[in-house]
Structure formats: C-alpha cells, structure tokens
Amino acid sequence: PELAYTVVFYNMCQKFGVEFLPARVWQGLWTALFTCLLSCFDASALMNRVTRFTEEIFAALISVIFIIEAITAVVKLYTEPPPGSSDDQSAAFLGTMLCFGTYGLAMQLRSIKRAGKIFNKSVRDAMGDYGVTIAILAFTGVAFAFKRHGDTAVPTLAIPSEFAPTWVNPETGKARSWFVNPLGINKDFPPWAVFGTMVPALGLTFLGYMDQNLTSILINRKDHALRKPPAYHLDLFVCGAVVYPVCALLGLPFTHAATVRSMTHLVSLTEYKAVPVDVKDKEGGSESSGFAQARRARSLSMCGEPSVSTAKSVDGNESSGAASGVEMKTVAVGVCEQRVTQLCIHVLIACSLAISPALRVVPKSVLSGVFLYMGVTSTAGNQLFDRLHLLLFVWREESRPRGLPFMRASLASKQLPVRRVHAFTTVQVALMGGLYAMTRIDSVAVAFPFFIGALVFVRRWALPAWFTADELAALDA
C-alpha cells in the first residue's frame, strides 16, 4: 500500500510541477510530526475499535498485492519483452519457469518441515527454515545454465557497483548527494508546496499508523502465545522521531512494521504442538463426512500451520490422537522472544553490500517467485481466505465444517447458516476489492489510507444492520 501511495504522490508532484525528492522530504517531515503527535496523545488506544473484520481485510489486501504483482511481472514478460533479448518467447518461458519453480520449491520445502517424513527432524527444520534461500540459489543456477548453454537470458537485478546514490540529475549529469536539499535541487522549492505537502502527509501518516498498529495487533494475538506485552505508542514514537526524518532527508522509502514479513518472522520463531480438532456434526457426533478431505486441501488451522491427518507432537513422537487416526491441527505453544534475529537480519542486509556482484546474477523472475510465496503463505491463518475457500470450493452440505469458530453462533447454539457465513465473506471481499481498485485509480488513490480507516465505521455501524449480534460474535470474534 505504501508503494502505491508513493506512486500517487509522485504523480501529484509531476502534475503541479514541483520536484519530487524535495517534496518527499517535506512530506516525510510533516509525517514525522503528525506521527509523534499521535503517539503523544495516546492515539494507538483507538485501535481497540479495530476488530478481526478490519484486520482480515487489511492483511488480505497486502497478500493480494504481493500475489498480483508477482503474476503481473510474469505476464509482462510476454506483453513487454525486456530489451536486448534475442528470443523474446524463450526468455518469457524461462522467466515463467523460474518464477513458479522458485515458488513451488519453496512451498515444497516448507511442507517438508511441517509434515515431511524424509530425513530427521533437524534436517527437515533446516530445509524448511532456509527453503526460500535454497529455492533462490537453485533457480538462479538454472537461469545461469540456460544463459551459458542455451543462450537464453532473462533480466537480472540492477544492483549498482558502488555504494552511492543512483539517481542521476538529468540537468547536471551527476548523481545526487546523499542528503536531499529540502529547498530544491534544480530550482527553488515553492513555499506554498511546503504547506501543500501536509495533505498527502496526512494520508501517509494514517497509512503508517494503520500499517504499524494493525501489524502489531496481528502479531500480538492471543493465538500466538507471546509472553512479552506490546508497546504500541513507543513503536509509533520511534517511527516518527527517528525513522521517518532520517528516511526523508536521505531520500529513502519510509519503513515501519510490515505485515507479511512480520508474520513470516513470527512463524519461524514459534513452537507448535499438534492437538485434536474438535469438529462435530449437528447432533454432536463424529466429524462430518468429506470434511477431512476438504480441510486437507487447504489448511483451516491456526497460526498458518497445516492440518494433517497424522500429526506429530513437538518432541517428534506421534501423539495419541494422531496414532488413533484423529484429525489434528497445530497450535502455538510458545515463541522464542528475543532481539538477536532482528539484529542479525539487518546486519546481513548491510553485509549484502559486499556481495552485490553475486546479487546481480539473480533473475528478477526468481524474486517474483519469492513475492508469490510470501503472498500465498501470508494467507494462512486468515479466516477470510478460509471462508472464501468454503464459498468457492466446498459446496456439498456433508463437506462443510461443523465446529469452526466462524460456523458457530455461540457455545449454546447450533452452527450458523452457511449463507450467512458466505454473506459476511462477500462483504469483506467486496471491500478488499474496492481498496485494491483505489490503489489503481489516480484520481482517488490519495484518499486510499482514509478508506482503510473507514472500515472501522463500516464494522461499527453498517454490519450490525445486516447481521445479528450472535452472527457477528462468531464471524468477527
């Protein structure tokens, strides 16, 4: 969402004839000020009005953006062939193979860690933890082999050869300085534009506020078994006082908590345990016929972990439920909460500057496969996608689930009518589609962040008119 909003701001600068980088500095400084004020005035407390309804739409929107951008990159190989390619069709086919091959291998290695039977547990864990890295190396090697022996090449990453700003001033022919001059680069920055950037800064502030806090809420759910409490206001203040001003003056993208990467990091540090699935039929008997097969087709479990028919406990021994053939699901029992992995991640990012020659051989299509993997894996644990799966693929009555939280109106009542579940899912999908469409329409995209906030009001005032309190208690618990 922030990238889409930055494109909108760039187009605004072009339309009004102001330089983008100085305008970006002022936008960032205003955003920093507004963010600090939000933190100081306890604005994060307003997030207690946000329910699963809004969280799911926002998380789903980010997942969909990752997936669509990855697929779009593959389609462009056919519609917009890269310059300098001797055989456009062969390069497009190779790029497609690299993208989906990287995605498929990463997913396969992930499944080996979760439910594999080959090798021992340590090897399976290593293959799953480093599955994306293994997939990148493997298909970069495939691309290199095609280039060397088949004379078919695909575009690779454009990594600069030296650690310096890459934007070249078209008027001077020289690279820009490290710090962006807020008073203008090639011409004086107009005073009216200094205050004019307040309007897009408000949108960026709200987008950062929602992104940061919604990610924190998703991470700190009770399902994830975290012990340390969150620090919503402190996180927001650090963004406003430290991160945003530095990024603005250096001309860098603004950064804060990222939903997909944060969830991936959490899952990698979480310890899981297999427990029996409590799914009963209408009379309280056994699991409905055909539901086990439907649930194996797509996980309907917590924390993004797959349900398996023969699950294993944390210590690697088969649980009693698994041994007796009972359907199992995995739940979080603890998280390795520390700061070492975060520090090491950013140290390794800094070290990547030293291996830029190696990064230049990585095909862009391989990264598209990584984005596709991140988008697809981030859908797990999102009930919106679970209910969408039921709407699109589980039509038979006997195959529908009997006991999942969003199918039961209350502990004392029977399951919800499936049409009400589908109606709630349809509302969420329609709102998510509208938000995505807004990012593509320049005339309204500047208001995109505020429409994310409007979801709270839709949930608070519109949904109670369409759904009963019991239905909302189950669907938006």
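Our structure is the block above this text.
Below: a short report on this structure.

### Focus: a nonpolar patch on the surface
(1) Moving on: On the surface, L29, F163, W178, F179, L249 and L353 cluster together to form a nonpolar patch covering roughly 620 Å² of accessible area.
(2) Moving on: By the element assignment, F179 lies in the loop between α6 (131–149) and α7 (191–196).

### Some details on the packing of helix α3 (residues 52–79) against helix α16 (residues 383–393)
(1) Moving on: Two elements in contact, α3 and α16, have axes separated by 8 Å at closest approach and are oriented at 80°. Regarding the angle of α3 to α16, the classification is roughly perpendicular. Mapping the contact onto sequence places R52, E56, I57, A60, S63 and V64 in α3 and Q383, L384, F385 and R387 in α16.
(2) Moving on: Taken together, the residues that form the contact of α3 with α16 break down as 5 nonpolar, 2 polar and 3 charged.

### A look at helix α1 (residues 2–16)
(1) Moving on: In this model, α1 (15 residues) spans 21 Å end to end at C-alpha, consistent with the 21 Å of a helix rising 1.5 Å per residue.
(2) Moving on: For α1, the full list of buried residues reads E2, Y5, T6, V8, F9 and C13. Seen end-on, α1 carries its buried residues on one side only, within an arc spanning 160°. Turned more than 90 degrees away from the buried face of α1, the exposed residues are L3 and K15.
(3) Moving on: Directly after α1, the chain includes G17, whose backbone phi takes a positive value near 70°.

### Describing the packing of α1 against helix α8 (residues 198–219)
Packed helices, taken two at a time, are described by the angle their axes make and the gap between the axes.
(1) Moving on: Running from amino to carboxyl end, α1 crosses α8 at an angle of 175°, the nearest separation of the two axes being 11 Å. Judged on the interaxial angle alone, α8 and α1 are roughly antiparallel. Contacts from E2, Y5 and F9 in α1 reach V199, P200, G203, L204 and L207 in α8.

Calculation notes
Residues numbered from 1 in each chain as written. Predicted model: local features only at pLDDT ≥ 70, side-chain atom pairs only at ≥ 80, totals over all residues. Heavy atoms only, no water. Patch = residues over 30% accessible without salt bridge, like charges linked within 9 Å, V, L, I, M, F, W, Y side chains within 5 Å. Areas by Shrake-Rupley, 256 points an atom, 1.4 Å probe, with all protein chains shown as cover. Salt bridge = Lys/Arg side-chain N within 4 Å of Asp/Glu carboxyl O. Helix = DSSP H or I, 4+ residues; strand = E, 2+ residues; numbered from the N terminus. Axes fitted to C-alpha atoms, helices over the stretch in contact; angles between N-to-C directions. Parallel < 35°, antiparallel > 145°, perpendicular 65-115°, else oblique. Contact = heavy atoms within 4.5 Å. Nonpolar A, V, L, I, M, F, W, Y, C, P; charged D, E, K, R; others polar. Expected span 1.5 Å × (residues − 1). Buried < 20%, exposed > 50% of the residue type's maximum accessible area, 1.4 Å probe, protein only. Arc of directions from axis to C-beta.

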